[in-house]
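For reference, the chains in residue letters:
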Amino acid sequence: MKHLLTLKELNEYELLSIIQKAIELKKQPDAFFEACYRKGLLMLFQKTSTRTNLSFQSGMNQMGGYCVPMDWDSSNFSLSPIQYEVRYASRNCDLIMARLKNHDDMLQLASYSSVPVINGCCNKYHPCQALADFMTIYEVSGTFNDITLTYVGIHNNVANSLIIGCLTLGIKLLLVTPIINDTSWDEELMLAARQSGHIYTVENLSDAVSQSDYVYTDTWIDMEHFHEIEYQEEKQRRIQTMLPFQVSRAHLSGYSPYIMHDMPVHPGYEIEESLIESDTSVIYQQAENRMHAQKALMLHLLQK
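The rules we used
- Residues numbered from 1 in each chain as written.
- Predicted model: local features only at pLDDT ≥ 70, side-chain atom pairs only at ≥ 80, totals over all residues.
- Heavy atoms only, no water.
- Helix = DSSP H or I, 4+ residues; strand = E, 2+ residues; numbered from the N terminus.
- Rg over C-alpha atoms; globule rule 2.2 N^0.38 Å.
- Buried < 20%, exposed > 50% of the residue type's maximum accessible area, 1.4 Å probe, protein only.
- Pairing = 2+ DSSP bridges.
- Axes fitted to C-alpha atoms, helices over the stretch in contact; angles between N-to-C directions.
- Contact = heavy atoms within 4.5 Å.
- Polar contact = N/O pair within 3.5 Å; in protein donor to acceptor, adjacent residues only side chain to side chain.
- Phe/Tyr/Trp six-rings, centres within 6.5 Å; stacked < 30°, edge-to-face > 60°.
- Expected span 1.5 Å × (residues − 1).
- Arc of directions from axis to C-beta.

## Describing the overall build of the protein chain
Now for step 1: A count of helical and extended segments in the protein chain gives 12 helices and nine strands.
Now for step 2: Relative to the compact-globule value of 19 Å for 304 residues, the protein chain shows a C-alpha radius of gyration of 19 Å, a close match.
Now for step 3: Dimensions along the principal axes, computed over C-alpha positions, put the protein chain at roughly 55 × 45 × 35 Å.
Now for step 4: Counting every position in the protein chain, which comprises 304 residues, the buried fraction comes to 55%.

Listed below in structure tokens is the structure:
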């Protein structure tokens, strides 16, 4: 039984196969309308969600399965040790997708589950997002050869999953990350990145942009903290530090890489609003691809 908790679980062949299957699913959805017939997906949410929630429900339903969304805090997962609740819950479904705050809880969930567990986002990794990201690059460019991707923003869960994918696929990745989320840091992963020969830390955004086929940014403020009163001081510190690294026409310096963002978008912060709808933006394509990539992932985990 396989889980997908970080993206490290997939070798190059498996990752590329899932991406290619996702493109096939996108082109020919009707060919897979019974691929998950009567298969059940339990969806556990400890964090808010738009894309993860909608894409998993839509994807499983389109393949003939069904979904059971469950709020973590209004269930007994918030009251009882995870190991007991998931031993029961996994007897009622074929897959579990969990969107949790802490990676340690994700590991415990997978450890005691009798069905595959998918990490729908946690503080350290966001593998489902990365699958859609790499699918989008492959769809647009037709290859991963000689592709340079820049990630500019907070070093967070999204950055980690992009690093893992680029290590696996051999993509050149430039990291422009002035601030690090301490809870996201993966020292072992960063050691592998530094030794890879194709993942680099760059201090100047303009230097990265001049080399890039794709420029990817993400929110500077974790979604669960965006409106918290007690987080406002840290929010302002981050804004002041990160504004010089905003993805804007001025900072693109005349270059026109494809623009990526995992959403939700905060225009005027990590990205200039006009770029969201620009000709080089693949943001909505990237977001749509969440569903197709997750369909392919579920088929892979179910060995379909």
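## Some thoughts on the sheet that holds strand 9 (residues 258–261)
Now for step 1: The parallel open sheet is built from five strands, whose spatial order is 7-6-5-8-9. Of all strands in the sheet, those with a lone pairing partner are strand 7 (199–201) and strand 9, marking the two edges. Strand-to-strand twist across the sheet, computed as the mean angle between neighbouring axes with direction ignored, equals 20 degrees.
Now for step 2: The pairing of strand 5 (residues 148–155) with strand 8 (residues 214–217) spans four bridges and is classified as parallel. By the bridge assignment, Tyr-151 is partnered in strand 8 with Tyr-216.
Now for step 3: Against the sheet, helix 9 (residues 232–242) makes contact with strand 5 and strand 6 (172–180), and its axis sits at roughly 135 degrees relative to strand 6, the strand it touches most.

## Examining the side chain of Thr-168
Now for step 1: Relative to the helices and strands, Thr-168 is located in helix 6 (residues 157–169).
Now for step 2: There is a polar contact of 2.9 Å between the side chain of Thr-168 and the backbone oxygen of Ile-164.
Now for step 3: Apart from residues no more than four positions distant in its own chain, Thr-168 is found in contact with Leu-10, Asn-11, Glu-12 and Leu-15.

## Here's the deal with the packing of aromatic side chains
Within a pair of aromatic rings, the relevant descriptors are the distance that separates the centres and the angle that separates the planes.
Now for step 1: Applying the stated rule across the entire model yields five aromatic pairs.
Now for step 2: Arranged with centres 5.0 Å apart and planes meeting at 45 degrees, the rings of Tyr-138 and Phe-144 form a pair that is tilted. Here Tyr-138 and Phe-144 have matching classes, each one buried.
Now for step 3: Put simply, the rings of Phe-134, Tyr-138 and Phe-144 pair up and form one aromatic cluster.

## A closer look at helix 5 (residues 127–141)
Now for step 1: Taking 1.5 Å per residue, 15 residues should reach 21 Å; helix 5 reaches 21 Å between its end C-alpha atoms and fits that length.
Now for step 2: In terms of burial, helix 5 is a largely internal element, 12 of the 15 residues being buried.
Now for step 3: Of all the residues in helix 5, the buried ones are Pro-127, Cys-128, Gln-129, Ala-130, Leu-131, Ala-132, Asp-133, Phe-134, Met-135, Thr-136, Ile-137 and Tyr-138.
Now for step 4: The positive-phi residue at the C-terminal boundary of helix 5 is Gly-142, with phi of around 75 degrees.

## Some points on the environment of Gly-165
Now for step 1: Among the structural elements, Gly-165 can be located in helix 6.
Now for step 2: For Gly-165 and Leu-15, which are 150 residues apart along the polypeptide, the C-alpha to C-alpha distance reads 8.3 Å.

## Here we look at the side chain of Thr-219
Now for step 1: Structurally, the position occupied by Thr-219 is in the loop between strand 8 and helix 9.
Now for step 2: Here the side chain of Thr-219 touches Ile-221 through a polar contact of 3.0 Å, landing on its backbone oxygen.
Now for step 3: Polar contacts involving the side chain of Thr-219 include one to the side chain of His-266, which spans 3.0 Å.

## Focus on unusual backbone geometry
Now for step 1: The linkage connecting Met-263 with the following residue, Pro-264, adopts the cis geometry, with an omega of 5 degrees.
Now for step 2: Following the sequence through the fold, Pro-264 ends up in the loop between strand 9 and helix 11 (273–276).
Now for step 3: You will see that Cys-121, though not glycine, has its phi angle at about 140 degrees, which is positive.
Now for step 4: The residue Cys-121 is located in strand 4 (residues 117–121) in this model.
Now for step 5: Residue Cys-121 is classed as buried on the basis of its relative accessible area of 3%.
Now for step 6: Residues other than glycine seldom take positive phi values, yet Met-263 does so here, at roughly 65 degrees.
Now for step 7: With respect to the secondary-structure elements, Met-263 resides in the loop between strand 9 and helix 11.

## Describing the environment of Ala-110
Now for step 1: For Ala-110, the location among the structural elements is in helix 4 (residues 103–112).
Now for step 2: When the C-alpha positions of Ala-110 and Trp-220 are compared, they lie 29 Å apart, and in sequence the two are 110 residues distant.
Now for step 3: The residues touching Ala-110, leaving out its near neighbours within four places in the chain, are His-3, Leu-5 and Val-117.

## Some thoughts on helix 7 (residues 187–196)
Now for step 1: Buried within helix 7 we find Leu-189, Met-190 and Ala-193. Summarising the axial view, the buried residues of helix 7 lie within an arc of 95 degrees, below the 170-degree limit, and thus occupy one face. Opposite the buried face of helix 7, at more than 90 degrees from it, the exposed residues are Glu-188 and Gln-195.
Now for step 2: The secondary structure elements touched by the buried residues of helix 7 are strand 5, helix 6, strand 6 and strand 7.
Now for step 3: With a side-chain oxygen lying 3.3 Å from the backbone nitrogen of Glu-188, the N-terminal cap of helix 7 falls on Asp-186.
Now for step 4: Gly-197 occupies a position one or two residues after helix 7 and carries a positive phi of about 85 degrees.

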